[in-house]
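# Observations on chain architecture
Residues per chain are reported as follows:
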Amino acid sequence: MSAPAPSRLLLTSVIRPFGGPGEGDSVGAELFHAQVTRAQGPFSLRQVIRVWALDYLAENVLAPTVTLHYPSRRELVRELARGHYTHVGINFVVATFHKVREMVPLIRQHAPGAKIILGGYGTVLPDEVLGPWADAICREEGVGFLRRQLAEPLDRPICHPHAPIPSPQVIGYQSANVVGHVTAGLGCPNGCDFCCTSHFFKRRYERFAPSGRDLYEALLATRRRAADDGKTMKSYIVIDEDFFLHRRRAREFLACVREGGEAFSIMGFGSVKGLSQFSAREIAAMGFTLIWNAFEGAESGYAKQRGRPLAELYRDLRGVGCAQLTSMIIGFPYQDEARMRAEFEQLMALEPSMIQCLIYFAFPGTPFHEQVIAEGRYRPDFERAPDLRRWDGFAMHFKHPKIDRPEVIEEMQRELYREDFRRLGPSPVRLARVWLTGFEQLRDDPDPLLRARAELLRGEVRGVLPLLRTAIRFAPSAEARTAAERLRADIIRLTGAPSVAEAARERVAPLLYLGSWLARAAGVTQQPGLLRVVHRASGAESSRHTRLVHRLQGSVHAGLGTALADDVRAAVDRLRRRVVGEAPAPEAVRVVTRRATGLPRSRSLPVVRDEEAPPCAAAMATEDEWEPAEHGEHAG
């Protein structure tokens, strides 16, 4: 009997284009533009986020692997035809499951011998829905699962991949720098009742960076890889649902940064509870310049919100140049329209640099979903025939005790995004104000690390300076235009007049603004481009892919032919929708999800007994690093 063929693995995101018929515009490749700065027009931050899970999986198996981030249908078919793959993995969410249903027939046609593996948060859907489209379903930490699928050793440590992304684009201006990324851990012990992330991992926290030293060395390593590829990496994203909750590791990381003496620029995530364990100066010394945290709702009762008063915490963090991206939720059962608006006023008083505003959502696998099902509170149309394309945090799915029409909450969500932009202005201007404050406060600080941070913040501020004349002209309100004018004057006063290059960019910026506005209005050059990365290959197949990551931004970065093809397809879709209306939800999904509504989430398939599936270099947080919620309150 001949030996089985060696494994060859293809890992892919769902296919583009995004925003097609029936799809919500909050689902796609851009987190900021889709869910945060979505109402800010050309001032919106445009940054395509690669599917980092694919990179971690590829880095931590032995089989030759190719990852595809945002292929088109044709690009996927071409890869399948030439790859001789034994396994194909697709990462998806519930709202993109319809794309999985388009991809699987292509895989079965062009790679008939390949085993199809589904993974990602979309696997909260029950087996009755997913089973026909997969040979295996991963509903756990993916590295260990994939190693079992490939019959590889399970006990190797987790290695961090080199997975940079482009720096954000604003009004069409794209820096050549790249942003580094390291995942410190997966899951969250907070257990908020609506949170798929927390309950997907059963409130376990899977460590990818066991110590602060591991995290610090991973950041330096990815920067070295970028430099070897001829690219500059000036900032980082640390993925961890509540980095500061794990105080021992955070303090180890702080010690490493102090020892190295270099100031970092990091975006991270932290709750009030976690942040309250550190002083603002300590958070600044670690290198955080932007933190995503939760306001949620004033009476939501999540334990993660206990700690320092938000106004005091935000004031101290602004003083050291650390901006805030704050999430709010509307549609809590205790809220009526007046209460939602009152809580939005509280949020505006905090002056966050960015906001996310989502609708309270009963996501499968969460306690809130179980409660809504048990109480019969799903809206009849979603229970009878749920359109999975709208399971995105931007649609009201359950019956609200105080608001009869779901459209009221959905329209309020749109209104609050617009009002945030009108009152506080473009987020790049708000970020620069916080960073300038940090520069001013820290430039003469006795701590040399914080003085180095001040210079780093000065550089961030100067990067925004060429945008400000455009903001003075095009910001959405008199208040916002005045804020931009004052900021420009303060930047010049504190850091110097515009250089020749900065002045030239200032003159060009209004044209870029108008070009961005026209492109968005016409729906052209809005799609991501393909990033293909070859792992564990040499010679002609080897890719030094830092040089290629700007292809993710689409448009001319991905090649003019690709951009034009995407634009033509999008234009055809828009024309068809105007003529015949929105496409209905896929019929097969309607039928089986009606039967499966409320079923508990199944385990990974094929089922592996617990004793056969030891954790793969991942550990649950110890109790001295976090405390479960007290009995009788929301676990948050």
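Rules and cut-offs
Just so you know, the residues in each chain are numbered from 1, in the order the chain's sequence is written. In keeping with the predicted nature of the model, local features appear solely for residues at pLDDT of at least 70, side-chain atom pairs appear and are counted solely at 80 or more, and the whole-chain, interface and lining totals rest on all residues. Note: side-chain values were computed over all heavy atoms of the structure, leaving out hydrogens and water. For the purposes of this entry, the term helix denotes a DSSP run of H or I that reaches at least four residues, the term strand denotes a run of E that reaches at least two, and both are numbered from the N terminus. The buried label goes to any residue with under 20% of its type's maximum accessible area, the exposed label to any with over 50%, and the partly exposed label to all in between, with areas taken from a 1.4 Å probe on protein chains only. When checking whether two residues touch, look at their non-hydrogen atoms; a contact exists if any pair is within 4.5 Å. Using a 1.4 Å probe, the Shrake-Rupley method yields the accessible areas, and only the shown protein chains count as cover for residues. Between any two strands, at least two bridges found by DSSP are needed for them to pair. Orient the strands so they point away from the viewer; a crossover is then right-handed if the path from the first strand over the helix to the second runs clockwise. Simply put, an axis is a line fit to the C-alpha atoms, just over the touching stretch for a helix, and the angle between two N-to-C directions goes from 0 to 180 degrees. Here roughly perpendicular refers to angles of 65 to 115 degrees, roughly parallel to angles under 35, roughly antiparallel to angles over 145, and oblique to all remaining angles. Here a crossing is taken to be left-handed if its near helix is turned anticlockwise relative to the far helix by less than a right angle, and right-handed if that turn runs clockwise. Think of pLDDT as the predictor's per-residue confidence, scored from 0 to 100. Pairs of N or O atoms within 3.5 Å make up the polar contacts considered here, provided that, within protein, one atom can donate a hydrogen while the other can accept it, and that residues adjacent in sequence are counted only when both atoms are side-chain atoms. Any two rings among Phe, Tyr and Trp, with Trp reduced to its six-membered ring, count as a pair given centres within 6.5 Å; such a pair is stacked if its planes are under 30 degrees apart, edge-to-face if over 60, and tilted if neither. Criterion for a salt bridge: a side-chain nitrogen of Lys or Arg within 4 Å of a carboxyl oxygen of Asp or Glu.

Looking now at the overall build of the protein chain. Along the protein chain, the regular secondary structure elements total 23 helices and 17 strands. A buried classification covers 58% of the 636 residues belonging to the protein chain. Looking at the protein chain alone, contacts between residues at least 24 apart form 76% of all its contacts between residues at least 6 apart. In the structure as shown, the protein chain presents an accessible area of about 25600 Å², 54% of it carried by carbon and sulfur atoms.

As a further point, take the pairing of strand β16 (residues 354-359). The element β16 is largely enclosed, with a buried count of six among its six residues. Where burial is concerned, the two faces of β16 agree: the one with M354, Q356 and L358 and the one with I355, C357 and I359 are both buried. Where strand β15 (residues 323-330) and β16 come together, six bridges link them in parallel fashion. Bridging across to β16, L325 finds its partner in M354. Once you follow β15 into helix α13 (residues 337-350) and on to β16, the crossover reads as right-handed.

Once that is clear, we can look at the side chain of T366. Along the chain, the position of T366 falls in the loop between β16 and α14 (367-374). Beyond its immediate chain neighbours, meaning those up to four positions away, T366 contacts D193, F194, C195, C196 and H199.

This next bit is on unusual backbone geometry. Note that the residue after R16, namely P17, is joined by a cis bond; omega there is 5°. Following the sequence through the fold, P17 ends up in the loop between β1 (9-12) and α1 (31-35). The backbone phi angle of A151 is positive, close to 60°, even though this residue is not glycine. Tracing the backbone through its elements, the reader meets A151 in the loop between α6 (142-149) and β6 (165-166). On the basis of relative accessible area, A151 is assigned to the exposed category, the value being 70%. With phi around 50°, T525 is a residue other than glycine that occupies positive phi space. Here T525 lies in the loop between α21 (500-522) and β17 (531-535).

In space, the six strands of this open sheet follow the order β5-β4-β3-β1-β2-β17, with mixed pairing throughout. Among the strands making up the open sheet, the edge pair consists of β5 (136-137) and β17. Where strand β3 (residues 87-91) meets strand β4 (residues 115-119), five bridges bridge the pair, whose relative direction is parallel. Each residue of the ladder has a partner; that of V88, found in β4, is I116. Contacting β1, β2 (65-69), β3 and β17, helix α2 (residues 52-59) crosses the sheet at an angle of about 175° to β2. Those strands touched by helix α4 (residues 97-110) are β1, β3 and β4, and its axis lies near 170° from that of β3.

Moving on: the packing of α13 against helix α16 (residues 406-424). Closest axis-to-axis distance for the α13/α16 pair is 11 Å, and the angle between their directions is 25°. Judged on the interaxial angle alone, α16 and α13 are roughly parallel. Taken as a pair, α13 and α16 cross one another with a handedness that is right-handed. On α16, the residues touching E337, M340, R341, F344, E345 and M348 of α13 are V408, I409, M412, E415, L416, E419, D420, R423 and L424.

Turning next to the pairing of β1. Sheet faces and side chains relate simply in a regular strand, where the side chains alternate between the two faces. Burial of the side chains of β1 extends over both faces: L9 and L11 are buried on one face and L10 and T12 on the other. Of the pairings in the sheet, the one linking β1 to β3 comprises four bridges and is parallel in character. Note on β3: the bridge partner recorded for L10 is V88.

Moving on, we get to the confidence of the model for the protein chain. Summarising the model, the protein chain shows a mean pLDDT of 87, and 85% of its residues fall at 70 or more. In this model, residues 590-601 is a region of pLDDT below 50 whose contacts with residues beyond four sequence positions or in other chains number 25 contacts. Across residues 608-636, confidence stays below pLDDT 50; counting only partners more than four residues off in sequence or on other chains, it has 69 contacts.

We now examine the environment of A483. Tracing the backbone shows A483 in helix α20 (residues 478-495). Looking at A483, the relative accessible area reads 36%, which means it is partly exposed. Taking C-alpha positions, A483 is 8.2 Å from V429, a pair spaced 54 residues apart along the chain.

Across the sheet, which stays open at both edges, the seven strands sit in the order β6-β9-β12-β13-β14-β15-β16 with mixed pairing between neighbours. With partners counted over all chains shown, the strands left at the sheet margins are β6 and β16, one partner each. Direction of pairing for strand β14 (residues 288-296) relative to β15: parallel, over a ladder of six bridges. Note that in β15 the partner of L290 across the bridge is A323. Across the sheet, helix α8 (residues 212-228) is in contact with β9 (178-183), β12 (233-239) and β13 (266-269); its angle to β12 comes to roughly 140°.

Time to look at α6. Here α6 lies mainly inside the structure; eight of its eight residues are buried. Residues G142, V143, G144, F145, L146, R147, R148 and Q149 constitute the buried set of α6. In the core, the buried residues of α6 are packed alongside β1, α2, β3, β4 and β5. The N-capping residue of α6, defined by a side-chain oxygen 2.6 Å from the backbone nitrogen of V143, is E141. Just downstream of α6 lies A151, where phi reads positive at about 60°.

Our focus in this paragraph is the packing of aromatic side chains. In total, this model carries 25 aromatic pairs according to the counting rule given. For the pair F394 and Y417, a centre-to-centre distance of 6.3 Å together with 15° between the ring planes defines the contact as stacked. Residue F394 is located in the loop between α15 (380-384) and α16, and its partner Y417 is located in helix α16; the two are separated by 23 residues in the primary sequence. With respect to class, F394 is no different from Y417; both count as buried.

According to the stated counting rule, one finds 41 salt bridges in the structure shown. Across the salt bridge formed by R50 and D55, the nearest N and O atoms sit 2.9 Å from each other. The salt bridge involving E407 is made with R405; its shortest N-O contact spans 4.0 Å. Here E407 falls in the partly exposed class, since its relative accessible area comes to 42%. Connected through shared salt-bridge partners, R308, E312, R315 and D316 make up one network.

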